[in-house]
Amino acid sequence: MRPAILWFGTPVAPASLLPGPASPPPADVFTTSEQCAVCHTAAPGATAMRSATGDDVSPYGLWQASMMANSFRDPYFRAQLERETTAGDASVQELCLRCHAPIAAHGRLLAGGAPPRLADLDGDIEADDGVSCTVCHAIAAEGLGEPATFSGRPNFDRDRKLFGPYTDVEPRPMQAQVGYTPTHGAHVRSAALCGTCHTLYTEHRGVTFAEQTPYLEWRNSVFSDEAGATATSRTCQQCHMADVGPTRIARTPMGLDYAIPARDGYAAHTFVGGNAFVLGLLQEHEEELDVLAEPAAFDRLIAATRRQLAEQTASLSIGPIARADGAATFTIRVENRTGHKFPTGYPSRRAWLHVEVFQGGELVFESGATDGDGRLVGASDALAIPHVRTVERESDVVVYEMVAADPDGAPTTLLTHMVQRRKDNRLLPRGYRSDGPHADEIAPIGLDGDEDFTAGGDTVAFRVPLPDGRRGRVLVLATLHYQPTPPHWVDALRSLDGEAAVRFVRMYDAADKTPDVVATAARRER
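Residues numbered from 1 in each chain as written. Predicted model: local features only at pLDDT ≥ 70, side-chain atom pairs only at ≥ 80, totals over all residues. Heavy atoms only, no water.

Visitor: Please clarify how empty space enclosed by the protein should be interpreted in this entry.
Guide: Any empty space left between the atoms is revealed when a probe the size of a water molecule rolls over them. One pass over the full model with this rule turns up three cavities of 30 Å³ or more. Empty space within the largest cavity amounts to approximately 60 Å³. Lining the largest cavity are Ser33, Tyr60, Trp63, Gln64, Ala69, Asn70, Arg73, Asp128, Asp129, Leu292 and Ala293. Considered class by class, the residues forming the lining of the largest cavity number five nonpolar, three polar and three charged. Considering only enclosed or pocket space, the second largest cavity measures out at about 50 Å³ in volume. Forming the walls of the second largest cavity are Ala210, Thr213, Glu217, Lys341, Met402, Arg421, Asp424, Arg426, Glu441 and Ile442. Broken down by secondary-structure element, the contributors of at least two residues to the lining of the second largest cavity are β17 (420-424) and α14 (439-442). (1 Å grid on protein atoms, 1.4 Å probe; cavity = no way out; pocket = protein on both sides within 12 Å on 5 of 7 lines; lining within 4 Å. Points joined across faces, edges and corners; volume = space filled by probe spheres on them. Nonpolar A, V, L, I, M, F, W, Y, C, P; charged D, E, K, R; others polar. Helix = DSSP H or I, 4+ residues; strand = E, 2+ residues; numbered from the N terminus.)

Visitor: How should the pairing of strand β10 (residues 327-336) be read in this particular structure?
Guide: Across the ten residues that make up β10, a large majority, seven, are buried. In this structure, strand β8 (residues 314-318) lies alongside β10, joined through five bridges in antiparallel fashion. Each residue of the ladder has a partner; that of Ser317, found in β10, is Arg333. Here strand β9 (residues 322-324) runs beside β10; their pairing, made up of three bridges, is antiparallel. Following the sheet pairing, Ala324 is matched in β10 by Ala327. A loop of two residues connects β9 with β10, the two strands running antiparallel in sequence, and Asp325 in this loop sits at a positive phi of about 55 degrees. By the bridge criterion, nine bridges tie β10 to strand β19 (residues 457-465) in an arrangement that is antiparallel. (Buried < 20%, exposed > 50% of the residue type's maximum accessible area, 1.4 Å probe, protein only. Pairing = 2+ DSSP bridges.)

Visitor: Could you clarify how one ought to interpret the pairing of strand β4 (residues 181-184) in this entry?
Guide: Working note: regular strand, side chains alternate between the two faces of the sheet. Relative to β4, strand β3 (residues 161-164) runs parallel, the two being bridged by four bridges. When the sheet's bridge partners are listed, Lys161 is paired in β4 with Thr181. Traced from β3 through helix α8 (residues 172-178) to β4, the parallel crossover comes out right-handed. (Right-handed = clockwise from strand over helix to strand, strands pointing away.)

Visitor: Just checking my understanding: could you explain the state of the cysteines for this structure?
Guide: Two cysteines form a disulfide when their sulfur atoms are joined by a covalent bond. Applying the stated criterion across every chain, the model contains one disulfide. At a sulfur-sulfur separation of 2.1 Å, the disulfide partner of Cys99 is Cys197. In this structure, the disulfide formed by Cys99 and Cys197 twists by about -100 degrees around the S-S bond and is classed as left-handed. Of this pair, Cys99 sits in helix α4 (residues 92-100) while Cys197 sits in the loop between α9 (191-195) and β5 (200-204), placing them 98 residues apart in sequence. Cys99 gets classed as buried once you look at its relative accessible area, which sits at 14%. Exposure remark for Cys197: the relative accessible area of 27% places this residue in the partly exposed category. The thiol of Cys136 is not disulfide-bonded; the next cysteine sulfur, from Cys194, is found 7.4 Å away. The class of Cys136 is partly exposed, set by a relative accessible area of 23%. (Disulfide = S-S within 2.5 Å.)

Visitor: I tried to follow the sheet that holds strand β15 (residues 402-405) on my own but got confused; where do I start?
Guide: Paired through their backbone hydrogen bonds, the strands of a sheet run either parallel or antiparallel. Read across the sheet, three strands follow the order β16-β15-β17 without closing on themselves; strand pairing throughout is antiparallel. Edge positions in the sheet fall to β16 (411-412) and β17, since each has one partner strand and no second.

Visitor: In this structure, what is going on with helix α12 (residues 276-284)? I would like to understand it.
Guide: Think of an α-helix as turning once every 3.6 residues; residues three or four places apart then point the same way. Within α12, seven of the nine residues are buried, leaving the element largely enclosed by the surrounding structure. Those residues of α12 hidden inside the fold are in contact with α3 (75-87), α13 (295-312), α16 (499-510) and β21 (516-524). (Contact = heavy atoms within 4.5 Å.)

Below, the structure is given as structure tokens:
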């Protein structure tokens, strides 16, 4: 055998020694992530998949701590699925497992079998692999963006092709190692690919309900590129998968560099979202939940999640402070900087304004405070908080959320009983149009004619009574908070005695429930 050559001081395999195609394994579509990790993890003897500062930016290394990798382990998902099953029947599991355990769910369907149930997947390595490498990279372009592929029903390539963004592909290493052929597929950079799972419909008593619609919201915004790229367009991948700079994207199974060029436009497979809370639970209970990622990987991803929430999600501005009839008057403008509603996705998520008014250095008014359990102070019924146009009392709390109702019109946190939106004042993305795509499914609900709630944000008026006789200038502090798992959604799990519900409630009660900070602003009376 010819010796390996050196490239930048690191052993590399010459292109002439790259192996040829091997006989493919049986015609299954998916492979679990540890097979991909053989070549797509960083190694001490290779420069591949390292940043300019030497950090591991390999697909497998970054993905392991993500919500995608842990979609099946997610203790909140498992608890809520247990509740949904108890309230209905096990058939709901088919819908949920398509996206939370896609290799196990789709693999069995593609093989001609029946869709699995949760009980079938105990200890199943394919289910535990979550939203794995070959799930996303085996999705075919056909049907993307069309309703037939929503709710976790993409078309998968059956010819052992894995699609990626690069046009000049060297197929032999992957063909030899795992029997796949890497193939250029521009659609892996499209929002429509993400839309297969991030557009979710449920059905109850013959009524179809749009439970999660981030992709549809993005389509009705200035971020959409489906009519052509613009100065404002950005796909899901461009926001949630950061460009880490040029690097080789694979190394040999022996831990050496292939003689392949570094790739520009390589995106980090961290899939940074907004759920730092569950990431923290996965880290804290890694042994109990069979989590594979190292604690340091969770530290980095939790920090990145909170940084994205605090720096790229929304902004606040406070208008001039005036006085009239013994009250301080001002406005607060909330701007949505994301390419979808904020909050978006799973219906439990909410954001709200915490506003403190000081006079002469003393707190004289506070709206939107939380207690140690993360509950909104003064909100006796968290599912009955109306949209607020003007804040005049401390009990007037501005909460941006979706509240769904069951067939009797009662608010519900059972996903499979939702048939209509009672309230949906989640902040709209910039460029939203009432006559734009999917407006009939995503239009705001329950605004009571609020003309200051517009595409891209909301303006809230404040009229705060000041104490008689108190002197001093007025100072206003405002914070936009975010909570992916509010206490009232967890309360619905407390009466269950199932293993998953009991486990999650225990983990939740022991966790730090301090809400995330999305934006802050301050203004002093002149």
